[in-house]
Amino acid sequence: MCSRYPSGTVRGISASLGAPLNPPALDPTKLEAFVDPLPVPPVARSNGVRLSPDGSSRKLPFYQIEMREVLSKVHRDLPPTRLWGFQGVVPGPTFETRKGDELLVEWVNRLPARHFLPIDHRLHGAERDKPEVRTVVHLHGGRTPPSSDGYPEDWYPPGKSATYFYPNRQDAATLWYHDHAMGINRLNIYAGLSGLFIIRDQVEDKLHLPRGRYEIPLVIFDRMLDAHGQLLYPVSGDPRAPWLADFFGNVMMVNGRVAPFLEVEPRKYRFRVLNGSNSRLYHLQLANGMPMMQIGSDQGLLASPAELQRLAIAPAERADLVVDFAGHQGERIVLKDDAVDVMQFRVSRVRVVDDSHLPHLLRSVPRIPEAGAVRTRTLTLNEYNDRTGQTILMLLNGTYWHQPITEKPRIDSTEIWNLVNLTDEVHPIHLHLVRFQVLDRRVFERFEYQRTGNLRYLGPVTPPEQNEMGWKDTVRAQPHAVTRIIARFEGYKGRYVWHCHNLEHEDNEMMRPYEVI
Ligand code: C2O
Ligand code: CU
Ligand code: CU
């Protein structure tokens, strides 16, 4: 295997049947890197105005966004790849909004009636009596009323739509929208159904960060392509139970293109990075050793920039970065995930006057006092294996999706959630509606905990990294550790969800409803 690309994990090659159940994957070493320019998703355009759903006579900007099948060039030397995109682009158009500017979006499902990826009908919500193709859109990181939040069971089939109201009453941040349909969410997002939703505000305007063509989104995800450049989604080998516990692809894409390049000027740029992968956690670094300044995380600006050599970013996490290419005229700088090439920056030799700033103080981010929490919940993350060691199920707190709601925080109250990870892997845990802060992590003895319920710690309390000290909506729950988060449940009463954002896990029971009462 070439060092430039990860080798894809294709299990499910059944020796007994003699034939591979997964078609052969493309040899990524045959694809030349850095031959395609980085595309930038178009900005979403409104289709006029509609009356506000609050019954007043106010008119709000109205967007109609269609999900449809599309053929898209992901690399110069490959034939077009079948994808599902919002407005026919992958990633979908970027919403540009400002804090407090309400808007309406009609999400229209114009997808074909048949799915082109392997549905596992055993998974809850994906039974054979359900339509194969179903979608419902969630704005990840949005403080959204429950009726517009994209509850996983509120899906609808092709030919139908739903109009959602986004109040955007929240600080400037990089949000993203994506499919959330129960039991097939991993396939729909894998097919291409995700896009960015940016909220800006005055606090951010005053900082004079790089803007316009110097502010560029980088939506990173991995995919597995077959020899014809078509999406391949590996299956277990058991046709009745095709689900596999993780997905790792053989190519890295940025904004929907395999290992693209970007021409930059020798000055500061702002990159809004989203890990839009199903399972893969990235460790991003610039190959020449240049630092990256992280100015924001999931829910907006940090208090001050964090200088990083290496950025760990799990599925659904966002990192707002400023990179200064000044002094690097003529260089070609590769962005890598460990040893794998993700994309390349080509620094031009033009003379520039960089009038953008990178202030030392970005925004005040007061820590939520622990003493203000009215309740602490201890919630386990569980994984279950069959006799051969294959993972077959994941749960939150040992509870299935369909069981009665157990987490019912009171509106405007503060709670601490202790995420007790009993598994060997990182789970990116996401709560809808709220922003939270990471308190700390601590390794514990998990076998003792499983036997006796006693939490015996094996190490010191580890505070969050500097770039985790801002507002978050997704946290990496480290293996064999208790990760503590604190949140104020404000905004709206009603039913929401919390879940692991490893999409394979989320689709197989690692998701629970919760209700703000
Ligand atoms: Cu990215 Cu339930 O969300
Ligand atoms: Cu969300
Ligand atoms: Cu998980």
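One can find the structure itself at the top, above this paragraph.
Residues numbered from 1 in each chain as written. Chains lettered and ligands numbered in written order. Predicted model: local features only at pLDDT ≥ 70, side-chain atom pairs only at ≥ 80, totals over all residues. Heavy atoms only, no water.

## Here's the deal with the overall build of the protein chain
- Helix and strand counts for the protein chain stand at four helices and 30 strands.
- Scaling as 2.2 N^0.38, a compact globule of 517 residues should have a C-alpha radius of gyration of about 24 Å, and the protein chain matches this with 22 Å.
- Along the three orthogonal principal directions, the C-alpha set of the protein chain runs to about 65 × 60 × 55 Å.
- Counting over 517 residues, the protein chain shows a buried share of 60%.
- Working note: accessible area of the protein chain is about 20100 Å², and carbon and sulfur atoms make up 51% of it.
- If you average the places of the 62 positive and of the 61 negative side-chain charges in the protein chain, the two averages end up 2 Å apart. (Helix = DSSP H or I, 4+ residues; strand = E, 2+ residues; numbered from the N terminus. Rg over C-alpha atoms; globule rule 2.2 N^0.38 Å. Buried < 20%, exposed > 50% of the residue type's maximum accessible area, 1.4 Å probe, protein only. Areas by Shrake-Rupley, 256 points an atom, 1.4 Å probe, with all protein chains shown as cover. Lys, Arg positive; Asp, Glu negative; His and termini not counted. Charge placed at Lys NZ, Arg CZ, Asp CG, Glu CD.)

## Structural notes on the coordination of the copper ion (ligand 3)
- Donor atoms from the polypeptide that coordinate the copper ion (ligand 3) comprise H427 (ND1), C500 (SG) and H505 (ND1), at 2.0 to 2.1 Å from the metal.
- Within one chain, the residues serving as donors to the copper ion (ligand 3) are arranged as H-x72-C-x4-H. In this pair, H427 is assigned in strand β25 (residues 427-431) and H505 in helix α4 (residues 503-507), connecting sequence segments 78 residues apart.
- For H427, a relative accessible area of 0% translates into the label buried.
- For H505, a relative accessible area of 0% gives the class buried. (Donors = N, O, S within 2.8 Å, 3.2 Å for Na, K, Ca; no water.)

## Observations concerning unusual backbone geometry
- P91 follows V90 through a cis peptide bond whose omega is -10 degrees.
- Along the chain, P91 turns up in the loop between β3 (81-86) and β4 (92-98).
- For N168, which is not glycine, the phi torsion reads 55 degrees and is therefore positive.
- As for its placement among the helices and strands, N168 is situated in the loop between β7 (161-166) and β8 (173-179).
- Residue N168 is classed as buried on the basis of its relative accessible area, which comes to 2%.

## Re the pairing of strand β17 (residues 300-308)
- Pairing of strand β16 (residues 292-297) with β17 involves five bridges; the strand directions are antiparallel. Looking at β17, one finds that M292 is bridged to L308.
- Between β16 and β17, which pair antiparallel one after the other, the connecting turn spans two residues. (Pairing = 2+ DSSP bridges.)

## Some details on the packing of aromatic side chains
- Applying the stated rule across the entire model yields 26 aromatic pairs.
- Aromatic pair Y233 and F247: ring centres 5.7 Å apart, planes at 10 degrees, arrangement stacked. With Y233 in the loop between β10 (215-223) and β11 (251-254) and F247 in the loop between β10 and β11, this pair connects stretches of sequence that are 14 residues apart.
- Judged by its relative accessible area of 7%, Y233 falls in the buried class.
- Under the relative-accessibility criterion, F247 is labelled buried at 1%.
- Aromatic pair Y496 and Y514: ring centres 6.1 Å apart, planes at 35 degrees, arrangement tilted. Placement of the pair is Y496 in strand β29 (residues 494-500) and Y514 in strand β30 (residues 511-516), with a sequence separation of 18 residues. (Phe/Tyr/Trp six-rings, centres within 6.5 Å; stacked < 30°, edge-to-face > 60°.)

## Section: the coordination of the copper ion (ligand 2)
- The protein atoms that coordinate the copper ion (ligand 2) are H138 (NE2) and H430 (NE2), at distances of 1.9 Å. A residue pair is termed long-range when its members are at least 10 positions apart, and H138 in strand β6 (residues 137-140) and H430 in strand β25 qualify at 292 residues.
- Of the residues examined, H430 reaches a relative accessible area of 0% and is grouped as buried.

## Some words on the nonpolar core
- Residues F95, W107, F197, L225, I429, L431 and W498 are the most contacted members of the largest nonpolar core, which totals 88 residues.
- In this structure, W498 is in contact with L379, L396, E407, W417, L419, I429, H430, L431, M511, R512, P513 and Y514, ignoring residues within four places of it in sequence.
- With 31 residues, the next largest nonpolar core counts Y214, L262, F271 and L311 among its residues. (Core = buried A, V, L, I, M, F, W, Y, C linked by side-chain atoms within 4.5 Å. Contact = heavy atoms within 4.5 Å.)

## Topic: the pattern of salt bridges
- For the coordinates displayed, the defined rule picks out 48 salt bridges.
- The salt bridge partner of D171 is K99, with a shortest N-O separation of 2.7 Å. Taken together, the residues D171 in the loop between β7 and β8 and K99 in the loop between β4 and β5 (103-109) connect sequence positions 72 residues apart.
- In this structure K99 comes out as partly exposed when scored by relative accessible area, which is 41%.
- Among the salt bridges present, the one from R318 reaches D473, with a minimum N-O distance of 2.7 Å. Linking R318 in strand β19 (residues 318-324) with D473 in the loop between α3 (446-452) and β27 (474-477), this pair joins segments that are 155 residues apart in sequence. D473 carries the same exposure label as R318, and that label is buried.
- Because the salt bridges share partners, they merge into one network encompassing D298, E317, R318, R441, E468, K472, D473 and R476. (Salt bridge = Lys/Arg side-chain N within 4 Å of Asp/Glu carboxyl O.)

It is worth stressing that arrangement in space is one thing and function is another; only the former is reported here.
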